[in-house]
There are 4 protein chains.
Amino acid sequence: MAAVIGAKSTAPASLSERFREVRARSVQIASWLQPEDCVVQSMPDVSPTKWHLAHVTWFFEQFVLLPSAANYQAYDEQFLYLFNSYYQSAGAMHARPERGLLSRPTLAEVLSYREHVDAAMHRLLEGGITESLRSVVTLGLEHERQHQELALTDIKHVLSCNPLGPAMRDDLVIHKAIAMPRPSFTSHTGGITEIGASVDSEAFCYDNETPTHDVLLRDFAIADSLVTNREFRHFIDDSGYTTSSLWLSDGWTAVQTHGWCAPLYWNLDTETEFTLGGERDIDLDAPVSHISFYEADAFARWAGARLPSEAEWEVAARQHSVDGNTFESDCWHPMPGAHGQWFGDVWEWTACSYAPYPGFRPLEGSLGEYNGKFMCNQMVVRGGSCVTAADHLRPTYRSFFYPDARWQFLGLRLARDI
Amino acid sequence: MAAVIGAKSTAPASLSERFREVRARSVQIASWLQPEDCVVQSMPDVSPTKWHLAHVTWFFEQFVLLPSAANYQAYDEQFLYLFNSYYQSAGAMHARPERGLLSRPTLAEVLSYREHVDAAMHRLLEGGITESLRSVVTLGLEHERQHQELALTDIKHVLSCNPLGPAMRDDLVIHKAIAMPRPSFTSHTGGITEIGASVDSEAFCYDNETPTHDVLLRDFAIADSLVTNREFRHFIDDSGYTTSSLWLSDGWTAVQTHGWCAPLYWNLDTETEFTLGGERDIDLDAPVSHISFYEADAFARWAGARLPSEAEWEVAARQHSVDGNTFESDCWHPMPGAHGQWFGDVWEWTACSYAPYPGFRPLEGSLGEYNGKFMCNQMVVRGGSCVTAADHLRPTYRSFFYPDARWQFLGLRLARDI
Amino acid sequence: MAAVIGAKSTAPASLSERFREVRARSVQIASWLQPEDCVVQSMPDVSPTKWHLAHVTWFFEQFVLLPSAANYQAYDEQFLYLFNSYYQSAGAMHARPERGLLSRPTLAEVLSYREHVDAAMHRLLEGGITESLRSVVTLGLEHERQHQELALTDIKHVLSCNPLGPAMRDDLVIHKAIAMPRPSFTSHTGGITEIGASVDSEAFCYDNETPTHDVLLRDFAIADSLVTNREFRHFIDDSGYTTSSLWLSDGWTAVQTHGWCAPLYWNLDTETEFTLGGERDIDLDAPVSHISFYEADAFARWAGARLPSEAEWEVAARQHSVDGNTFESDCWHPMPGAHGQWFGDVWEWTACSYAPYPGFRPLEGSLGEYNGKFMCNQMVVRGGSCVTAADHLRPTYRSFFYPDARWQFLGLRLARDI
Amino acid sequence: MAAVIGAKSTAPASLSERFREVRARSVQIASWLQPEDCVVQSMPDVSPTKWHLAHVTWFFEQFVLLPSAANYQAYDEQFLYLFNSYYQSAGAMHARPERGLLSRPTLAEVLSYREHVDAAMHRLLEGGITESLRSVVTLGLEHERQHQELALTDIKHVLSCNPLGPAMRDDLVIHKAIAMPRPSFTSHTGGITEIGASVDSEAFCYDNETPTHDVLLRDFAIADSLVTNREFRHFIDDSGYTTSSLWLSDGWTAVQTHGWCAPLYWNLDTETEFTLGGERDIDLDAPVSHISFYEADAFARWAGARLPSEAEWEVAARQHSVDGNTFESDCWHPMPGAHGQWFGDVWEWTACSYAPYPGFRPLEGSLGEYNGKFMCNQMVVRGGSCVTAADHLRPTYRSFFYPDARWQFLGLRLARDI
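About the criteria used
Residues numbered from 1 in each chain as written. Chains lettered and ligands numbered in written order. Predicted model: local features only at pLDDT ≥ 70, side-chain atom pairs only at ≥ 80, totals over all residues. Heavy atoms only, no water. Least-squares fit on C-alpha atoms with pLDDT ≥ 70 in both. Contact = heavy atoms within 4.5 Å. Buried area = accessible area lost by both parts, 1.4 Å probe. Salt bridge = Lys/Arg side-chain N within 4 Å of Asp/Glu carboxyl O. Polar contact = N/O pair within 3.5 Å; in protein donor to acceptor, adjacent residues only side chain to side chain. Helix = DSSP H or I, 4+ residues; strand = E, 2+ residues; numbered from the N terminus. Nonpolar A, V, L, I, M, F, W, Y, C, P; charged D, E, K, R; others polar. Expected span 1.5 Å × (residues − 1). Buried < 20%, exposed > 50% of the residue type's maximum accessible area, 1.4 Å probe, protein only. Pairing = 2+ DSSP bridges. Axes fitted to C-alpha atoms, helices over the stretch in contact; angles between N-to-C directions. Parallel < 35°, antiparallel > 145°, perpendicular 65-115°, else oblique. pLDDT = per-residue confidence, 0-100. Phe/Tyr/Trp six-rings, centres within 6.5 Å; stacked < 30°, edge-to-face > 60°. Lys NZ or Arg CZ within 6 Å of the ring centre and 35° of its normal.

(A) Molecular detail of the relation of the copies chain B and chain C. Of the two same-sequence chains, chain B is brought onto chain C (RMSD 0.0 Å, axial shift 0.1 Å) by a rotation of 180°. What the rotation and shift describe, once combined, is the action of a two-fold rotation axis. Comparing interface residues between copies, 100% of those in chain B also lie at the interface in chain C; the contact surface is shared.

Printed below as a string of structure tokens:
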């Protein structure tokens, strides 16, 4: 899973407050669930909600409290094993595909664990900490933001496996369908331009966004809006899923193997899709979501276009404000009518394999395992989704998934050579 | 799993009372667990506790209330699908290996379902029912007895997968080790003898125990006690698990494939085993348990003996009272010193493949799917275990498992030609 | 694989001659094939022809020449490893599923190996050998007879996987369709009767046929002829493959998993089946073949009958001469019109799990691994097939296969309680 | 598999002659093998030699003769199905993992097929063909060159699976070990530079090498020689395979899953490696080979360096002549002492995921399936190997493999930022 790691801290004054706020949101998310919901692992990519709640807590215990808080004792030595995700250098860990076998600690016990760690963290923060430790705490909060998103996409998958089709929440906001304008493309002139984030930046970023570096772009045009369900429906109706010439070879194999014939969660018979608010009619004007890179790539080829490179995306996106349909909109589903927006709704597949920027240096120590070791076989996505926290997004942000991933909110925007 | 089905009813007077008592025990078993425990399916053979609680309830709804209770409406139509186990003739069913994906209905919702069905059942029973329906209700209760045992062996497996090693109950009875006498063998003279249960018997039995029929036995001797952990430990120490000549070919393959080197739940390093009361020292005088048919067969060959046939076992066992360490002993673990007992502690592997008795007729209708269709590839076990209800046992009772099954309380008793 | 092992020798005078004759047939079988045909392993159950030719040779080298021929050196030490099938006590062996990876030794090299061993065997036999060694040589010849049958059924499977559908031989005998009489049943009175072979018999038998022992039979009737393709076609047309109530649970799972809808090698579209003579029209009057135990059992249930027990079969069969359509008929396919015959055409599934007879003792040493260790999970078949050598058959002969096996010539005969 | 496809033809005058020469080499390669060798498929990536011989022939039949030769009839309609590799637009095809199931057509029959097609091709070429058809013929010859290399690496894998360890040839040239100079690095100044091949070039190239385009490079240094077995042995001795921090996450998983502890074909116990000339001592001064991208990447990290990008490699390599240890050297194994050479010995892993060059356009029609559809999940390799034809190499050539591939001659050269 795309765990990531940052380098910079937030404004010093607000750290305690921000800690409280970020941590509270995780508990709030769990409050919409039953204890039973928090146990299930519906596929290896998915982690139980309970596990997310404990793992993000372990992060603070492992990387902040144990090394830096005087006299701090691990809440439970076995939790260091159970809730380590993939930090080989931090010790042995429980096997990922077996997270769903653990009924204990119970949700209540995990919440107690959280309270214990929170109390110790607040004591530490109130006592004042070094700049370097502040960076790690900030990173831990951004880490928790990521897991809040994962917890939502994971529980969506869990609930979708249940023939009862339970909604996570019945009170989510639904926006009325809005007729979308025809997609328009904006042209950009090529040349050498700088992208990425500076290692000396004041604002937070992950190490994989650094360093800033020049790239050489050619002239290109990029769409002002995301591909919609209506457009994707045309692709389906035009035999998109059965026309091999539209597909990458590995994508075609995936289509055959999994029997894909529509985005994940779509039911073509009923024209509905499963959402965090239960089964709903597909809104044709909303951005298409829950498609793999292969489907995004095939759609773009069918449309006579291509996916943007991540540099093209970043150059275009940084001219726009970081606004959009995010977690705070209380929709938790892509929303129609988002013309001219570059953030929220769905993560956008780019044409780029996830690789280190020139001059990239991972963080020191265990935290260096966060981003660098995943730089192979995955594709970069940009822009954030309807369940990403707004304060977690920025134009330089790179997330990444395997090209067959579909359980995240994943869609696309078209680009073209000009 | 080896669900089975009966033919005869218990005494008319007590049916309501017995219904109340059997149903209450299921709820009591769940009361020792957290809601999170009741969700997990740790392997395909295991079902979540929640599922057991609902499935045995579905049995009454499907086979008693829907066909026979005036105006009864299904509590939830979808439950008919979710909680059908394997009755093809009763309609489609949820895939067995996916029972652990279902967080809903929650434990509380399943308990409500139980209450609803119980109320309807009591109304029905109070109104008086036919003899034939009475048979089905009795069968449903024996069915629930079986699932109570399965729920315990299943949750044992679930908890054993957790590195925290949680005990289901801390208050289980532990018996002090008692030095066991050397096993002695009792001789039996061969000849024609009748075994099995009559289709006209007043007492309850499953259809697979019928009809009574003659068998031809040769002279044989059979041990008065079960093989103990001490004896099995000698087998291990004598390279039992690495001596191919002791094993059936399929057994040897299983040993290599799974890396078996001791009974399931044993930890040879610490000389402990996982129990429903948590991790405990292995009591060398207690009967060995959690071994496959292959291990029982290899042990018998190593000991210069053999497994008894099911007819031999029945002929010997029916001379003894149905006493032993059962669910009601509150041990939930095999107990040392059970010399001369034929029931409880562990199910005993026999040498016999599970097959129909001559003249066997399955029950009519869906209930005919209970026993007959499993009569291939499985081995007969006899005698019941430390988590079987005492009132569920009798000398003619045949249960059955695949030869590689280990998660039940499964052990052996030796026999010999004479 | 159903390798088997004998206990008794053939008549002393003819051993050299019989050795020459049996060995020659193996080479003759290979002569109908191209070197390329002899390499392929189309599934784990199948062995390449080359491997069969070498393995039966290894048998004589391992169990006769190396222990008993003065100064005999292994032809190639590595062949002892490559061509050991499953004799754990004879040393390590090459993994069975990887037999198809071996292009060397080539067919020509294997034939040289055979000549080398044959020469040494003839020297040994001419010098005179002990009675005990004579038994082993006889066993080796019966063993080679079995592998001749396996080589034919294996190559049939190999060729069937080739879209070109090559025939092994174009000159096989084809018998014209003969209208079959309605199947008639012969009644047998029950009681105690002796079956099996004596350990002291002059005639050859395998150890698993011994000892003779009493069985208790009930009155029964058994069909005088095999179930035909026409009858099986009625089963198919009557939704046999889609009616779950006809099937054992494991059989139903096999049907779903493999998508079975007809016997192996049948093409329902063209009404043809693949044979060793290539693709041919299905002869409706010929015995059905290439069905699993599950299909035989389901057919019998559909027909209102059952499979015979192996004792019933033996009691009925021993009243008939050992005649029928065997290897020597040069048909290599079941033939229509075999009324009243009990041998040849197809092996007949019985209702019995393969288990030791009471008092069974395996042979001493490595040869004891032949039969005994397979006595679990398999079903007994009786009677031999159209590719079995006639001199290899007798009423007491027990062969055995897993219940899902279909690549042998496997069919059935019905029985009934009376 | 990395099939590729070109756009340009060789010099008009020599086409017939070149056709004869390229086609003859394929037959010569087969002449060193037994018919049995030509059947085996030792893993899904491997194709049988027979298949390679037929597939490259099919290419001419499918893309040249059938569309362009008057009155040409397919040699065998079924061959169009059997020997299509992955051209979805050319019709259905036989499943790749089942190529090893086909004993027919035999090697001799495939050679007859080749003669038939060769004769028709010569008639066509002698009659004169269009420039466009000439391009396709040239492409077919380059295609056959690629399959000659694959046939050799595939048969190496096949023979290596045989415990007998057969050599393909006993007469291969072995070069004496030469002490290697310390690797030196050459510095290159960054800036904008053009790479790739022009779509209008006279010389042959594949479509994936086009179009020429500017790239922006930073200053870098690149090694003058390949990493040797001695250097790789230091990596192993320094716990390279057990130090997780050196590995990409997917690489670490591969190491654990496959138990990698040395390059493929190495035997650490005997300090030998399997070669096309049989088992040989590892020459520590020769370039390391048969390592995956993951191992190359981990080695580079351990060495404090990195893999070059493909643009860096091309810029450096084009300053050197296309010389080296190739097929024609008759070594068929990496050779020591190749200082300052950029071609032959082993394909060199680059840091780049295989992706389209800006402005890339695949060929029209079925031939467009050759390269473009594989542009995902694979890594670019450069430079050719000891079994690549010398006339098949050039600085712009891009080949590509999945990062876990090891059965090709695959090694690395280090690079560094400066």
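On we go.
(B) Seen up close, the interface of chain B and chain C. Contacts between the two partners involve 27 residues from chain B, matched on the other side by 27 residues from chain C. Between chain B and chain C the total buried area reaches about 2000 Å² when both faces are included, carbon and sulfur atoms providing 56% of it. On the chain B side of the contact with chain C, B:Leu216, B:Cys376 and B:Asn377 bury the most area, a combined 23% of that side's loss. The interface formed by chain B and chain C contains zero salt bridges. Counting the contacts that link chain B with chain C gives eight residue pairs in polar contact (both at pLDDT 80 or more). Where the side of chain B that touches chain C is concerned, the elements lending two or more residues are strand S3 (213–217), helix H7 (249–258) and helix H8 (293–302) of chain B. A class-by-class count of the residues in the side of chain B that touches chain C yields 14 nonpolar, seven polar and six charged.

(C) Inspection of helix H4 (residues 107–126) of chain B at higher detail. Residue and element names in this part refer to chain B. With 20 residues, H4 should reach 28 Å at 1.5 Å per residue; the first-to-last C-alpha distance of 28 Å fits that figure. For H4, the complete set of buried residues consists of Leu-107, Val-110, Tyr-113, Arg-114, Val-117, Asp-118, Ala-120, Met-121, His-122, Leu-124 and Leu-125. Buried positions along H4 lie against helix H1 (15–31), helix H2 (49–68), helix H3 (77–82) and helix H5 (131–160). Where H4 ends, the next residue or the one after it, Gly-128, has phi of about 90°, a positive value.

(D) Examining the sheet that holds strand S12 (residues 399–401) of chain B more closely. Residues and elements named next belong to chain B. Read across the open sheet, the four strands follow the order S12-S11-S10-S13; overall the sheet is mixed. Edge positions in the sheet fall to S12 and strand S13 (410–411), since each of these pairs with one other strand and no more. Across three bridges, strand S10 (residues 347–353) lies against strand S11 (residues 379–382) in antiparallel orientation. Bridged to Glu-348 within S11 is Arg-382.

(E) Molecular detail of the relation of the copies chain B and chain A. For the pair chain B and chain A, the relating rotation is 180°, the translation along its axis is 0.1 Å, and the fit reaches an RMSD of 0.0 Å. Interface overlap between copies: 100% of the residues of chain B at the interface are likewise at the interface in chain A, consistent with a symmetric, same-surface contact.

(F) A look at the sheet that holds strand S1 (residues 185–188) of chain D. Residue and element names in this part refer to chain D. Read across the open sheet, the three strands follow the order S1-S4-S14; overall the sheet is antiparallel. Of all the strands in the sheet, just S1 and strand S14 (415–417) have a single pairing partner and so form its edges. The sheet shows a mean angle of 25° between the axes of neighbouring strands, direction not considered. Note that strand S4 (residues 220–223) and S14 share three bridges and pair antiparallel. Bridge pairing in S14 places Ile-222 opposite Ala-415. The sheet contacts of helix H9 (residues 310–317) involve S1, S4 and S14, and relative to S4 the element is tilted by about 70°.

(G) Summary view of the pairing of strand S3 (residues 213–217) of chain A. Residue and element names in this part refer to chain A. Residues His-213, Val-215 and Leu-217 of S3 are buried on one face, while the alternating residues Asp-214 and Leu-216, pointing to the opposite face, are not. Note that strand S2 (residues 191–195) and S3 share five bridges and pair antiparallel. Residue pairing for S3: Ile-192 is matched across the bridge by Leu-216.

(H) Spotlight on the interface of chain B and chain A. Contacts between chain B and chain A engage 30 residues on the former and 30 residues on the latter. Between chain B and chain A we count two salt bridges in total. Taken together, chain B and chain A are joined by 10 residue pairs in polar contact (both at pLDDT 80 or more). At the level of elements, H3, H4 and H5 of chain B are the ones that each hand at least two residues to the side of chain B that touches chain A.

(I) Representation of the packing of H1(B) against H4(B) within the structure. All names here are of chain B. Look at H1 against H4: their axes get within 10 Å of each other, and the N-to-C directions meet at 175°. Here H4 runs roughly antiparallel to H1, going by the angle between their axes. Of H4, the residues touching H1 (which contributes Leu-15, Ser-16, Phe-19, Arg-20, Arg-23, Ser-26 and Val-27) are Leu-111, Arg-114, Asp-118, Met-121, His-122 and Leu-125. Looking at the contact of H1 with H4, its residues break down into six nonpolar, three polar and four charged.

(J) Layout of the confidence of the model for chain A. Taken residue by residue, chain A gives an average pLDDT of 94. The fraction at 70 or more is 95%. Per-residue pLDDT stays below 50 along residues 1–12 of chain A; that stretch engages in 64 contacts with residues further than four places along the chain or on separate chains.

(K) Spatial organisation of the environment of B:His116. Residue and element names in this part refer to chain B. Mapped onto the elements, His-116 comes out in helix H4. Taking the relative accessible area as the measure of exposure, His-116 reaches 32% and is therefore partly exposed. C-alpha of His-116 to C-alpha of Tyr-75: the two residues are 41 residues apart in sequence and 7.5 Å apart in space. If near-sequence neighbours (up to four positions away) are discounted, His-116 is found in contact with Tyr-72, Gln-73 and Tyr-75.

(L) A look at the packing of aromatic side chains. Applying the stated criterion across every chain yields a total of 152 aromatic pairs over all chains. For the pair C:Tyr206 and C:Tyr397, a centre-to-centre distance of 5.6 Å together with 45° between the ring planes defines the contact as tilted. One end of the pair, C:Tyr206, is in the loop between strand S2 (191–195) and strand S3 (213–217); the other, C:Tyr397, is in the loop between strand S11 (379–382) and strand S12 (399–401), and 191 residues separate them in sequence. Note on accessibility: C:Tyr206 and C:Tyr397 belong to one class, buried. Clustering of aromatic rings is evident, with ring pairs tying together A:Phe19, A:Trp58, A:Phe59, A:Phe60, A:Phe63, A:Tyr86, A:Tyr87, A:Tyr354, A:Tyr370, A:Phe374 and A:Phe400. The ring of D:Phe185 has D:Arg416 sitting right over it, with the charged end atom 4.0 Å from the ring centre.

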